[in-house]
2 protein chains.
Amino acid sequence: MPRPSVREQLVDAAAECFHERGFNGIGVQEITRAAGVPKGSFYNHFPSKEALAVEIMRRYAVTRRLDMLEDRTLAPAPRLRAHFGYLADDLERFQFARGCLFGNFGAELSAQSADVRSQVESGLDRWTAQVTSALEEARSAGTLKSTLEPETLAGFLVNAWEGAALRAKVTRSREPLDDFLTLFDSLVA
Amino acid sequence: MPRPSVREQLVDAAAECFHERGFNGIGVQEITRAAGVPKGSFYNHFPSKEALAVEIMRRYAVTRRLDMLEDRTLAPAPRLRAHFGYLADDLERFQFARGCLFGNFGAELSAQSADVRSQVESGLDRWTAQVTSALEEARSAGTLKSTLEPETLAGFLVNAWEGAALRAKVTRSREPLDDFLTLFDSLVA
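Fair warning: this is a prediction, and the values are worked out from it, not measured in the lab.

**Considerations on the interface of chain A and chain B**
Next, step 1: The interface is formed by 42 residues belonging to chain A together with 42 residues belonging to chain B.
Next, step 2: Looking at the side of chain A facing chain B, the largest losses of area belong to Phe156(A), Arg167(A) and Val170(A), adding up to 20% of the total buried there.
Next, step 3: The interface formed by chain A and chain B contains two salt bridges.
Next, step 4: Where chain A touches chain B, the interface holds 14 residue pairs in polar contact (both at pLDDT 80 or more).
Next, step 5: Of all the secondary-structure elements, those providing two or more residues to the side of chain A that touches chain B are helix H1 (4-21), helix H6 (101-109), helix H7 (114-140), helix H8 (150-171) and helix H9 (175-187) of chain A.
Next, step 6: Per-element tally for the side of chain A that touches chain B: the top contributor is H8(A), with 15 residues.
Next, step 7: For the side of chain A that touches chain B, the residue count by class is 16 nonpolar, 15 polar and eleven charged.

Next up, the structure:
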């Protein structure tokens, strides 16, 4: 049995590498080097680089804190605002250079890997569903500014967030995220 | 002197390859094979794969039809709507699988290539400036629904478009673009 820690070292190192250089920008050998584990150990833990990418996306999804969208101690509009504010601060920790892993992999790998594409799709679908629920709550409470369908608005907001994260990555600035939050306030809060 | 047609063949083939497989997903040798030109001819025409990518982005920018945003035969709001409608139809031609080259390269290469990052940034900045001008025209004519600053709204719309194009690429469907257009109508038209 391989030691569990080698697997964890691979996941941690690859998460950094993929965020910074994309999937095709880095090879298995560079990942093992960055992880400080023997080159030959990779395939004891993952059948392919693609399988490692899927595992990293599963873990990344947890850090998106979708649980914040179910926090009933806050009214739905400020709850949604706090969630997007958290995501903005998270991008700022890396000077916006990393962007969102969903967006990065979706842009780079949708044509190349059915497994990754499907993982991105279901991750964004889950997120959209949670945003929809919170917007429906706001609509029921009479506090939603926009008159559009919550589902349409939720899909739009999630996609607009991905676009803002991408522009922030390109410009290395917070401005696109702040523009998003300004529009969010005009539509929701 | 190399024949100009070899350069054109390289540009055309690489534009297809980069759109479908990203920058790092394809090598110079595969590009020359796809172009049907001798392997050794590449560096007679481009100092690097990166230089070829920059040339492709310049040409791609022209196909974005920013000139539509200056067509004074249409009022500014329907003019903007026609522009985004054109971009949606253009993505549909490839079953949404390609996404926007600006977004693709921005997501994949912002950390890797200063030249590509700068080309994406200036391309999106030019586009945002043109959208801002059209929104300012609409504001002056009293036909802009949103009360937000045209510049903020323009940045947001351009980024939201990029996010919608990315989600359309992931889901292989037009829905994200239609959600964008619905929101566009509620904010602008």
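**Examining the environment of Pro76(B)**
Residue and element names in this part refer to chain B.
Next, step 1: Relative to the elements of secondary structure, Pro 76 occurs in helix H5 (residues 76-92).
Next, step 2: We classify Pro 76 as buried; its relative accessible area is 8%.
Next, step 3: Between the alpha carbons of Pro 76 and Asn 104 there is a distance of 29 Å; along the sequence they are 28 residues apart.
Next, step 4: Not counting residues within four places of it along the chain, the set of residues in contact with Pro 76 comprises Ala 134, Glu 137 and Ala 138.

**Here we look at the domain arrangement of chain A**
Residues and elements named next belong to chain A.
Next, step 1: In terms of domains, chain A is made up of domain 1 (4-57) and domain 2 (64-187).
Next, step 2: Here the C-alpha centroids of domain 1 and domain 2 sit 27 Å apart.
Next, step 3: Contacts between the two partners involve 13 residues from domain 1 and, on the opposite side, 16 residues from domain 2.
Next, step 4: Across the domain 1/domain 2 interface, buried area totals approximately 1300 Å², and carbon plus sulfur atoms make up 61% of it.
Next, step 5: One can count two salt bridges joining domain 1 with domain 2.
Next, step 6: Linking Glu 20 and Arg 98 is a salt bridge whose minimum nitrogen-to-oxygen distance equals 3.3 Å.
Next, step 7: The interface formed by domain 1 and domain 2 contains six residue pairs in polar contact (both at pLDDT 80 or more).
Next, step 8: Sorting the residues of the side of domain 1 that touches domain 2 by element identifies H1 and helix H4 (49-63) as the ones contributing at least two each.
Next, step 9: Top contributing element to the side of domain 1 that touches domain 2 by residue count: H4, with five residues.
Next, step 10: Residue composition of the side of domain 1 that touches domain 2, grouped by class: six nonpolar, four polar and three charged.

**A look at the pattern of salt bridges**
Next, step 1: This model, assessed by the stated rule, comprises 36 salt bridges over all chains.
Next, step 2: Ionic pairing is found between Arg7(A) and Glu55(A), a salt bridge with its closest N-O pair at 3.8 Å. Separated by 48 residues along the polypeptide, Arg7(A) in helix H1 and Glu55(A) in helix H4 bring together distant segments of the chain.
Next, step 3: For Glu55(A), a relative accessible area of 13% translates into the label buried.
Next, step 4: For Glu8(B), the salt bridge identified is with Arg59(B), shortest N-O distance 2.9 Å. Pair noted here: Glu8(B) is in helix H1 (residues 4-21) and Arg59(B) is in helix H4 (residues 49-63), with a separation of 51 residues, a long-range link.

Rules behind the numbers
Note that residues are indexed from 1 along each chain, following the sequence as it is written. The order in which chains are written sets their letters, starting at A; the order in which ligands are written sets their numbers, starting at 1. For a predicted model such as this one, the threshold for reporting local features is a pLDDT of at least 70, and the threshold for listing and counting side-chain atom pairs is 80 or more; totals across whole chains, interfaces and linings nevertheless cover every residue. Derived side-chain values reflect all non-hydrogen atoms in the structure, with water molecules and hydrogen atoms excluded from consideration. Contact between two residues is taken to exist if any of their heavy atoms lie within 4.5 Å; hydrogens are not considered. A quick way to say it: buried area is the sum, across both parts, of accessible area lost when two parts are put together, with a 1.4 Å probe. The working definition used for a salt bridge is a side-chain nitrogen of Lys or Arg within 4 Å of a carboxyl oxygen of Asp or Glu. The term polar contact refers here to a pair of N or O atoms within 3.5 Å; inside protein, the definition further demands a hydrogen-donor-capable atom paired with an acceptor-capable atom, and it admits residues adjacent in sequence only when both atoms are side-chain atoms. Going along the chain from the N terminus, every DSSP run of H or I of four or more residues is numbered as a helix, and every run of E of two or more is numbered as a strand. All residues other than Ala, Val, Leu, Ile, Met, Phe, Trp, Tyr, Cys, Pro, Asp, Glu, Lys and Arg, Gly among them, are scored as polar; the first ten of these are nonpolar and the last four charged. Accessible area is worked out with a 1.4 Å probe on protein chains only. A residue is then buried under 20% of its type maximum, exposed over 50%, and partly exposed in between. Reported domain spans reflect what an automatic or database domain assignment gives.

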